[in-house]
Amino acid sequence: PVNRTPEMQEERLKLPILAEEQAIMEAVAEHPIVIVCGETGSGKTTQVPQFLYEAGYSSEDSIIGVTEPRRVAAVAMSQRVAKEMNLSHRVVSYQIRYEGNVTEETRIKFMTDGVLLKEIQKDFLLLKYKVVIIDEAHERSVYTDILLGLLSRIVALRAKRHLPLKLLIMSATLRVEDFTQNQRLFTTPPPVIKVESRQFPVTVHFNKRTPLDDYSGECFRKVCKIHRMLPAGGILVFLTGQAEVHALCRRLRKAFPFRCSQPQEKEEDSAEGMRRFKKSRTRARKAQAMALPQINLDNYSVLPAGEGDEDREAEMDDEEEALGSDLDLDLGDSEANEGEQPDASLPLHVLPLYSLLAPEKQAQVFKPPPEGTRLCVVATNVAETSLTIPGIKYVVDCGKVKKRYYDRVTGVSSFRVTWVSQASADQRAGRAGRTEPGHCYRLYSSAVFGDFEQFPPPEITRRPVEDLILQMKALSIEKVINFPFPTPPSVEALVAAEELLVALGALQAPPKQERMKKLQMSQLSCPITALGRTMSTFPVAPRYAKMLALSQQHGCLPYTIAIVAAMTVRELFEELDRPAASEKELAELKGRRARVAQMKRTWAGQGPSLKLGDLMVLLGAVGACEYAGCSPQFCQANGLRYKAMLEIRRLRGQLTTAVNAVCPEAGLFLDPKMQPPTESQVTYLRQIMAAGLGDHLARRVQSEDLLDPKWKNAYKTPLLDDPVFIHPSSVLFKELPEFVVYQEIVETTKMYMKGVSTVEIQWIP
Ligand code: ADP
Ligand code: MG
């Protein structure tokens, strides 16, 4: 029996899902798998676990598990449900990657989908659960999709054992055909229960024109207008990332003071660093001169048995998190307020909301604002479906979202700000009509809206899958091709992934005769190797993971981490090839280009270090920039993109943590005064890079091939018929070494290799 307070009981009864309690519980009793669809705010996340609890679906040794794609939601919802049920967090608990409050008494456990995936590794049948709820399934995060595939099998296996497991799939949209119409996933289509929600009308206002890029400024002006002119009611603003959120919060607090704003951070700067870096490198170079030492390609870091998977999951946090992203550090408040006078007569209670915000700060948004103030929540898209903030009457939508984007050529991922889908924009608008009729201000025109894609495609179809395949193999799913994905990746993508992983040594090569039948997909079922297991713990693409795994030899790790971070971030240097508007600008651009070319040569050095080519440039740039405290001034002076350099710093920190988890004896830390590599270390690094980029090999054409002038200075690669060239921006452009590996090929007027490093013929298998 649950002892709810009368006020809480009254609040619950207003939720539309209460009307469906009986229908849901009957469906759950009769079917192993049930889908519940209902508008955001209808009560799915907070109420369904309570229905199950009250119906006795949890006991001492089998509990109710709820997965969320976001940590914010896992924490906030466990707290809310505990409060509604008048139970302690010892009973209604959460577990996210680094923390949790689960106890022996826990009956309802909220967790991120990554946490449940890891539990499946340890206990495939998930015997400690009587019910698993997959929440926010409409988001189609890769982990949610894989969980659904696994659970479809686990449910069947549990039924066989007469230990039935119930699976509930909850979605904020009615678009669930991928689950219901997919016979391989669920042979019997699960019943779908729709929750009718009482949504008040929301009037949508489009901008006449779409601002080119200053959507933050546009948000600021819109909020000011609403706050000055429109009746009471909370404002919810959608922006794309944490730094943007903070910048707008600060600006709004200044304009409508109510609380003192946050203290400013100080920027450090030094140009001295550069000189010191160069000097110490010269010293290091002199210290050693040896003939090509060899790295041992069979000597890689291996996880201690049974450990080390702690850091594996890359939880779906839509932003910031994974590979570093949000770098719109606002450089002071110079542009703020635009002549607006602070107006203390109209206090605005401004609160930020994003994934990585501390739980106690997140909780603020659910509290009523102080007397006489208006609530204004500035959020990333966590507020789109995961959390419902009470009392919102106005939504301001910038129409953008930050998404991880995968480069088809390199597989490198980065975060980019793009337009949302129409479905997302409508979800955002819907946030305004929960308690009374509301208004949504879209900061873009209706024509732009018309061009949005209708729905966001499932994440799994938008990215290369080698990392995913590696994760699944680490879960002992060998025949990935047979896996019941809700939406499978293409067969080509699967084959390419498996081949690459075999080449990298992450998967065991199939025996010879099987390799002949390569095109028979059923053959693609190579098991993971010990190396593969280690690689699966690093939050970077498998190529780069291989480099990291090899680098504990000869003290190469800090360098490999820096190079991998820089390669992942891409485009360290400012774009200086743009057309100039005037003579003066042209002269300036020329000057800057010369300066950048000079710096690249300096960073690449001479002799052995130059052989590491563009990767040595990356290492030198990162080293020098860190030495100088990564200041905007240093970047500006040397043609480096400040944002990129900050992103690299963040990723280096993450990779250092991940490496320490695998080999704690390395005792790595982020050294801002990293010494340059010695000459022999440079050679090791070249081999390490070649081990990861081995299939990106090119050989300079031999004189006999030179009959056709189009092959002058050209290179031949195994896969392309056409000549490829070293990009003019490369420090090896004039060197023309015989064998090179490259990071990527970009096609402009010709096919150009970028990120080039030389390799020795004896390293090529
Ligand atoms: P759904 O999962 O269907 O989107 P929820 O169960 O998350 O809906 O939310 C149901 C209602 O509970 C919302 O309307 C919201 O106002 C309220 N609610 C959720 N969490 C809190 C909280 N921490 N504090 C106050 N109200 C909350
Ligand atoms: Mg929910």
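Here the structure is shown first, and the text comes after it.
I will try to describe carefully the structure that is included in this document. Keep in mind that what you see is a predicted model, and the values were worked out from it rather than measured.

A closer look at the packing of aromatic side chains
What describes a pair of aromatic rings is the distance from one ring centre to the other and the angle between the planes of the rings. Evaluated as defined, the whole model comprises eight aromatic pairs. When the ring of Phe 206 is compared with that of Tyr 444, the centres are 6.2 Å apart and the planes differ by 70°; the resulting orientation is edge-to-face. Note that Phe 206 is positioned in strand E8 (residues 202-206) and Tyr 444 in the loop between strand E15 (438-442) and helix H14 (446-451), a separation of 238 residues in sequence. By relative accessible area, which is 32% here, Phe 206 ends up partly exposed. Ring pairing ties together the aromatic residues Phe 206, Trp 419, Tyr 444, Phe 449 and Phe 452, which thus form one cluster. One Lys or Arg, Lys 600, reaches over the ring of Phe 573 and ends 4.6 Å from the middle of that ring. The cationic tip of Lys 673 hangs over the ring face of Tyr 627; the distance from NZ or CZ to the ring centre is 4.9 Å.

Focus on the sheet that holds strand E10 (residues 348-353)
Pairing in this open sheet of six strands is parallel, and the strands run E8-E15-E12-E9-E11-E10 from one edge to the other. Of all the strands in the sheet, the pair left with one neighbour each is E8 and E10. For this sheet, the mean inter-axis angle between neighbouring strands, taken without regard to orientation, is 20°. Sheet topology places strand E9 (residues 234-238) next to strand E11 (residues 374-379); four bridges connect them, and they run parallel. Among the inter-strand pairings, Phe 238 is bridged to a residue of E11, identified as Ala 379. Contacts between helix H9 (residues 242-255) and the sheet are confined to E9, E10 and E11, with E10 contributing the most and set at about 170° to the helix.

Points about the site of ligand 1
Around ligand 1 sit 13 residues in total, of which Gly 41, Gly 43, Lys 44, Thr 45 and Thr 46 are the nearest. A distance of 2.6 Å separates an oxygen atom of ligand 1 from a polar side-chain atom of Thr 45. Interatomic distance of 3.3 Å between a side-chain N/O atom of Arg 80 and a nitrogen atom of ligand 1. Against a free-state accessible area of 560 Å², the protein chains account for coverage of 88% of ligand 1. Listing elements by their share of the shell around ligand 1, those giving two or more residues are helix H3 (44-54) and helix H4 (71-85). Take the shell around ligand 1: its biggest share by element is three residues, from H3.

Regarding the sheet that holds strand E2 (residues 63-68)
On the basis of which strands lie adjacent, the open sheet formed by seven strands has the order E3-E4-E2-E5-E6-E1-E7 and parallel pairing. Looking at the sheet topology across the chains shown, the edges are occupied by strand E3 (92-95) and strand E7 (192-195). Adjacent strand axes in the sheet meet at a mean angle of 20°, parallel and antiparallel pairs treated alike. Docked against the sheet, H3 engages strand E1 (33-38), E2, strand E4 (108-112), strand E5 (129-134) and strand E6 (166-171), running at close to 160° with respect to E6. Packing of helix H6 (residues 142-160) onto the sheet brings it into contact with E1, E2, E5 and E6, and relative to E5 it is tilted by some 150°.

Describing the environment of Thr 534
With respect to the secondary-structure elements, Thr 534 resides in helix H18 (residues 530-535). Overall, Thr 534 belongs to the buried group, its relative accessible area being 0%. Each C-alpha atom of the pair Thr 534 and Leu 548 lies 9.5 Å from the other, and the pair is 14 residues apart in sequence.

The rules behind these values
- Residues numbered from 1 in each chain as written.
- Chains lettered and ligands numbered in written order.
- Predicted model: local features only at pLDDT ≥ 70, side-chain atom pairs only at ≥ 80, totals over all residues.
- Heavy atoms only, no water.
- Phe/Tyr/Trp six-rings, centres within 6.5 Å; stacked < 30°, edge-to-face > 60°.
- Helix = DSSP H or I, 4+ residues; strand = E, 2+ residues; numbered from the N terminus.
- Buried < 20%, exposed > 50% of the residue type's maximum accessible area, 1.4 Å probe, protein only.
- Lys NZ or Arg CZ within 6 Å of the ring centre and 35° of its normal.
- Pairing = 2+ DSSP bridges.
- Axes fitted to C-alpha atoms, helices over the stretch in contact; angles between N-to-C directions.
- Contact = heavy atoms within 4.5 Å.
- Near = heavy atom within 4 Å.
- Polar contact = N/O pair within 3.5 Å; in protein donor to acceptor, adjacent residues only side chain to side chain.
- Areas by Shrake-Rupley, 256 points an atom, 1.4 Å probe, with all protein chains shown as cover.

Function-wise, these values are silent; they only describe arrangement.
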